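# An overview of the molecular structure
Chain residues, written in single-letter form:
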Amino acid sequence: MITLLLLIIPLLGSGILLFTKNNSSALPRNIALISSVINLALIIYVGFTYNAQSAAAFDVNYPWISELNINFHLGLDGISLLLLALTGLLVPLIVLSTAKYSYEKANNFYALILLTEAALIGVFLAKDIFLFYFFFEAALVPVYFLAAIWGGKNASKVTFKMFVYTIFGSLFMLVALIYLYMQGQTANIQELTVTAKALSPATQGLLFWGLFVAFAIKMPIFPLHTWQPAAYTESPTTATMLLGGLLSKMGVYGLIRILLPLSPVGVETFALIGIILAIIGLIYGSIIAVQQDNIKRLVAYSSFAHMGLMAAGVLTGSLDGIQGALIQMVAHGINAVGLFFIVKIMYDRTGTRSLSALGGITQKAPALSVYFMIIMLGSVALPLTNGFIGEFLLLKSVYDYNAWLGGIAGLTIILGAVYMLRLMQRSMFGEINETTEKFTDVSGTEVAVLLPISIIVILMGIFPNVFLQLTEPAAQAILEMIK
Amino acid sequence: MSLIALIPLVPLIGFLINGLGFRKIPKNVVSIVGVGASFISFLLVAYTFGYGVGDAAFNSTTFQPITVTLFDWITVGDLNIPFAFQIDQLTIIMLFIITGVGTLIHVYSMGYMSHDEAYGKFFAYLNLFIFFMLLLVMGNNYVVMFIGWEGVGLCSYLLIGFWNKNFDFGNAARKAFIMNRVGDLGFLIGIFLIIQNFGSVVYADVFQQAQSMEVGNGTIVAITAFLFIGAMGKSAQIPLFTWLPDAMAGPTPVSALIHAATMVTSGIYMIVRSNVLYTLAPGTLEFVAWIGVATAVVAATIGMFQNDIKKVLAYSTVSQLGYMFIGLGVMAYTSGFFHVITHAFFKALLFLGAGSVIHAMSDEQDIRKMGGLWGKIKVTAITFLLGTVAISGLPPFAGFFSKDEILAHTFAHNKLMWALALLGSFMTAFYMFRLFFLTFMGNFRGTKEQADHLHESPSSMTMPLIFLAVLSVVGGFIGFPEVMHLPHFLADFLSPLYEGSRAVNPEFGVLHIDHATEWTLMAVSVGVAVGAIILAYSLYGKGKNVPAEDSEITGIQKVIYDKYYIDELYAALFIKPTQALSRVFANVIEPKGIDGAVNGIGSLVNALSGRLRTIQTGGTAAYLFSMCIGIALILIINFGYDFVQITTDFGTNLMNYISTIGSGK
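Residues numbered from 1 in each chain as written. Chains lettered and ligands numbered in written order. Predicted model: local features only at pLDDT ≥ 70, side-chain atom pairs only at ≥ 80, totals over all residues.

This part is about the overall build of chain B. Helix and strand content of chain B: 26 helices and two strands. Partitioning the intrachain contacts of chain B with sequence separation of at least 6 by distance along the chain shows that 80% fall at a separation of at least 24. (Helix = DSSP H or I, 4+ residues; strand = E, 2+ residues; numbered from the N terminus. Contact = placed C-beta atoms within 7 Å.)

Below, the structure written as structure tokens:
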């Protein structure tokens, strides 16, 4: 029942919002904030009560389309819980990050954020493939409207492209899922793993591509990524945070939860190609970031690069890879939200996203530069920050899979430092100029977003085992299934 | 036990206090916290050495390394990486250097940085550095070492770019971090290989298992080679050395602490720590030795022509680090490490002395504009001379003992290597005395304002100079050559560390030269140093000769003065191509290639389907359709060879699927 509540609270919040009058942004924002904080509290409560024995108590199973044996089936394991925690944490921070701004039709704006949250929670809880598919698609819709309506002048064009591109990818997944369902006469993911194992290698290969393309577009993975930098750049930052921090994680989650168990032989056969593509994207995205002048686009490419390494790790089908990807999802989600927020702060105060126009901000905003430094260190995977744990395990998994690929993927630690330190230096250091001379330091709600993020960056780097231990049994279970 | 955990924790707390409170905390409190943290750490180290360790004292034969496990840090499957410390003979010496020299440099900074507006930030960073450096040497496994390894890199970056308004300083800082990251990738791969082969990263486990392996084992050669790439970055060896001279952009105490006495010697520490592995890999050792020789000689040649007081010392550091690696490479681990210790004394002294000179000269760093300072800043001048003598290798000063030991072992290993190393030590003595004569002898060549401002530094700065000068004089006595029939305390103390090396190589630690030869070698190296000093004196001693202005330097001298254009070479080989590639990717491949394939095919399909437009209500469907085609095409291009197979299978499956539906199941 409590599981259902996780889904209901954001839905309820958005329902209330749709009926509020939109005279100001404050009331809708507070409703969204309260709703998301309640959900976070609930997720934390679930986190403390959950253990392997109590897992069944969190199962919710209602007939949905009973004639077809399709169920509204929600359930929990360590992996779900980790991503619920990420969602539960980031949504209030994202809401809080909007506190200094007012929006037209603010009630709709915040309702869409909560709808996204609900869909994401659905994705991470679903135990039925069609339910998964439903939430997977549903998550995109509110973000699309957020981006299209509240975005910049090009936003509707690029976000429509994103929308069509990802919906298109999902069609492949739908075909694959229907096929699996027809074979197994069940929509339960757990039961389907048995069905999938019995399929011929060629069929599994086909399933692999159907599922892989859908998730690869969502993450995205090279060369299916071209919607992403444009969409991240043109969307309002709130939508960018949702996309980069959370929606991209659905792709990785799909690889772990759906692709690995439902096409084990397919993964074995085609993983190499997927890994190579992912690593090409990792290096390619990093190299583009090296000379990028638009700071938002720079962070978008860095995000794309990071997603590539997670995909590569998962596709190695090793415990290190899965565990690394899981912890990196959390780390990257948090860091991406932090970085996009800092980009927004810089843009709002200077009116430019051009790196060459900035400089010397640290003299005006020492607090901002400290937060920026900490999150940047997380992003470049300095040990004792959250980014290191994931990157270490992911690179190790790729290295174990193939030493050459591991070495090439390892270039990310150099390139990552190149573009992030350049971003830091050109914006924060150097002399103040006319663009930055009136820069004011962060305060109030801005600190309320950046401070928790900075603290988590460090705490996660020191105590990663809290997260690793949470997900290890579930990750082991998935590996057990595909043996 | 918990006392040991306090050793790194105290500087961390110091960092937090000064870091969070900087701008609010008054300067004298900052000093108390900053210096105090380092000094308390030093006292804890001394206590640990004297009393607080287990059952047996450090020098007893029953001494076992003390392990303190704080918590399990990263656990995945069977791999467990503990956050744990290990204190043994090697670590305790490093701890003394870090906290001892570190405290002196903290004290010095009170004077040197007293006028800086970011005084609190500076002390916060220094404390943070001490914290990471302590982790580096205290970890009981390679990953904790890696925390320190990257952490000191961060602090180095922060402190080189300390005056961050200056764009060039920022570039120097970035260069240091990125070049170190190149090395760190090697280190990381080394760690992956260790995990693959030993299933653990804990030193004790790894070295235990390694002892059952054969000398020359390919895996061990690979592991040691990759770890050494990390050392090349951190310890500024060819080809990853060019960041260190640029790192002189940082405040001078930073140069002394990080870029001379401690951080840059991490690579040597790592190899001594892993001595079993390196003894098993003679191929890697040979490589290490030659890299050391090349670095020692090349850096020394550049040092002879530099005119910036800190740059001379920087190249000298690179060169001296080369000597340490020569020592390690010829399997004389203790000798290499001995040089780490003595070098920490005299090079910290020289840098701090240089800082005192710069302070006196109103921030002038060009030795062509100095001269005649001997009488003006007496304490600085005398201590600087002692440091200069020590590095030049004259007995009985510290540098003589350690360098001579390295040279003796090198002679036994390879005569050519020895000859080159000797050439390097000739150049060392030459450029150091050139520096000394130009700075302190002859007539004053600065401006009148500078002359009026000339003053000896405050006692917070001269006291550390005196301490370090004493250590530079007597520091070598911890290791007398065997031929002198005096004890080698250091070798005896470190001996338990090499049990593994002795087990895998029975020849380990045996020096194959007779006493007569050893005396001769000693005489030769002293003779070479004296010759170099006489040459330097005849050229610069009377203050008549002053190196030419930059514009007048020509020919081969200019090539060396400009550091053999190595930076320009790296720019041409790596930086510019990456930047060009970045622009090509961003401006051509990305929009016109990949996205162009998606969109272009879209418009093509659009055009072709123009006649069908009557059916279609808008662009949406056409767009969707073109996307399908575009993506299918990308898939075909990428997975062409599978595609045939897949489509065939797809046909079969589609038939199966249809028949399933048809049969009504």
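Further remarks concern the interface of chain A and chain B. If you look at the interface, chain A gives 50 residues, while chain B gives 53 residues. Among the elements of the structure, helix H7 (155–184), helix H9 (201–218), helix H12 (264–290), helix H14 (319–350), helix H17 (386–401), helix H18 (403–428) and helix H20 (465–482) of chain A are those that each provide at least two residues to the side of chain A that touches chain B. Here the side of chain A that touches chain B gets nine residues from one element, more than from any other, and that element is H18 of chain A. When the residues that make up the side of chain A that touches chain B are grouped by side-chain class, the tally is 32 nonpolar, 14 polar and four charged. (Nonpolar A, V, L, I, M, F, W, Y, C, P; charged D, E, K, R; others polar.)

It is worth spelling out the pairing of strand S1 (residues 60–65) of chain A at this point. Residues and elements named next belong to chain A. Along S1, only zero of the six residues are buried, which leaves the element largely exposed. Bridge count between S1 and strand S2 (residues 70–74): five bridges; the pairing is antiparallel. When the bridges of S2 are listed, isoleucine 65 appears paired with isoleucine 70. Hairpin connection, S1 to S2: the antiparallel pair is bridged by four residues, and asparagine 69 has positive phi, about 60 degrees. (Buried ≥ 20, exposed ≤ 12 C-beta atoms within 10 Å, placed from the backbone. Pairing = 2+ DSSP bridges.)

With that out of the way, let us pick up the nonpolar core. Judged by nonpolar contacts, the single largest core of 422 residues is most densely connected at Val123, Leu211 and Ala311 of chain A together with Ala348 of chain B. Beyond its immediate stretch of four places on either side in the chain, valine 123 of chain A contacts Phe132, Phe135, Phe136, Ala139, Met250 and Tyr253 of chain A. (Core = buried A, V, L, I, M, F, W, Y, C linked by C-beta atoms within 7 Å.)

Quick look at unusual backbone geometry now. The omega torsion across methionine 219 of chain A and proline 220 of chain A is -5 degrees, close enough to zero to call that bond cis. A cis amide bond, omega 0 degrees, links phenylalanine 222 of chain A with the succeeding residue proline 223 of chain A. Here proline 223 of chain A lies in the loop between H9 and helix H10 (227–234). One non-glycine residue with positive phi stands out, namely alanine 236 of chain B, at about 50 degrees. By secondary structure assignment, the location of alanine 236 of chain B is in the loop between helix H8 (218–234) and helix H9 (243–246).

So, on to the environment of glycine 267 of chain B. Residue and element names in this part refer to chain B. Residue position: glycine 267 is located in helix H11 (residues 266–273). Linking glycine 267 and phenylalanine 129, residues 138 residues apart in sequence, is a C-alpha distance of 16 Å. Contact partners of glycine 267, with chain neighbours within four places excluded, come to Ala231, Lys234 and Ser235.

Let's shift gears to the confidence of the model for chain B. Residues and elements named next belong to chain B. The predicted model of chain B has a mean per-residue pLDDT of 87, with 88% of residues at 70 or higher. When mean pLDDT is taken per element in chain B, H11 scores highest with 96 and helix H26 (residues 619–662) scores lowest with 50. Predicted confidence for residues 614–619 stays below pLDDT 50, and this span has two contacts to residues more than four positions away or in other chains. The ipTM value of the predicted complex is 0.94, and its pTM value is 0.91. (pLDDT = per-residue confidence, 0-100.)

Residue and element names in this part refer to chain B. Of the positions making up helix H7 (residues 203–210), those classed as buried are Tyr203, Val206 and Ala210. In an axial view of H7, the angular spread of the buried residues amounts to 75 degrees, which keeps them on one side of the axis. The inward-facing, buried residues of H7 contact strand S2 (79–87), helix H6 (167–198), H8, H11 and helix H12 (275–279). (Arc of directions from axis to C-beta.)

Let us now look at the pairing of S2 of chain B. Residue and element names in this part refer to chain B. For strand S1 (residues 66–76) and S2, the ladder comprises nine bridges, and the chain directions are antiparallel. Bridging from a neighbouring strand, phenylalanine 71 pairs with phenylalanine 83 of S2. The turn joining S1 and S2, which pair antiparallel and follow one another in sequence, is formed by two residues; a positive phi near 60 degrees is taken by glycine 77.

To continue, consider the environment of glutamate 67 of chain A. Residue placement: glutamate 67 of chain A occurs in the loop between S1 and S2. Through-space distance from the C-alpha of glutamate 67 of chain A to that of phenylalanine 109 of chain A is 38 Å; in sequence the pair is 42 residues apart.

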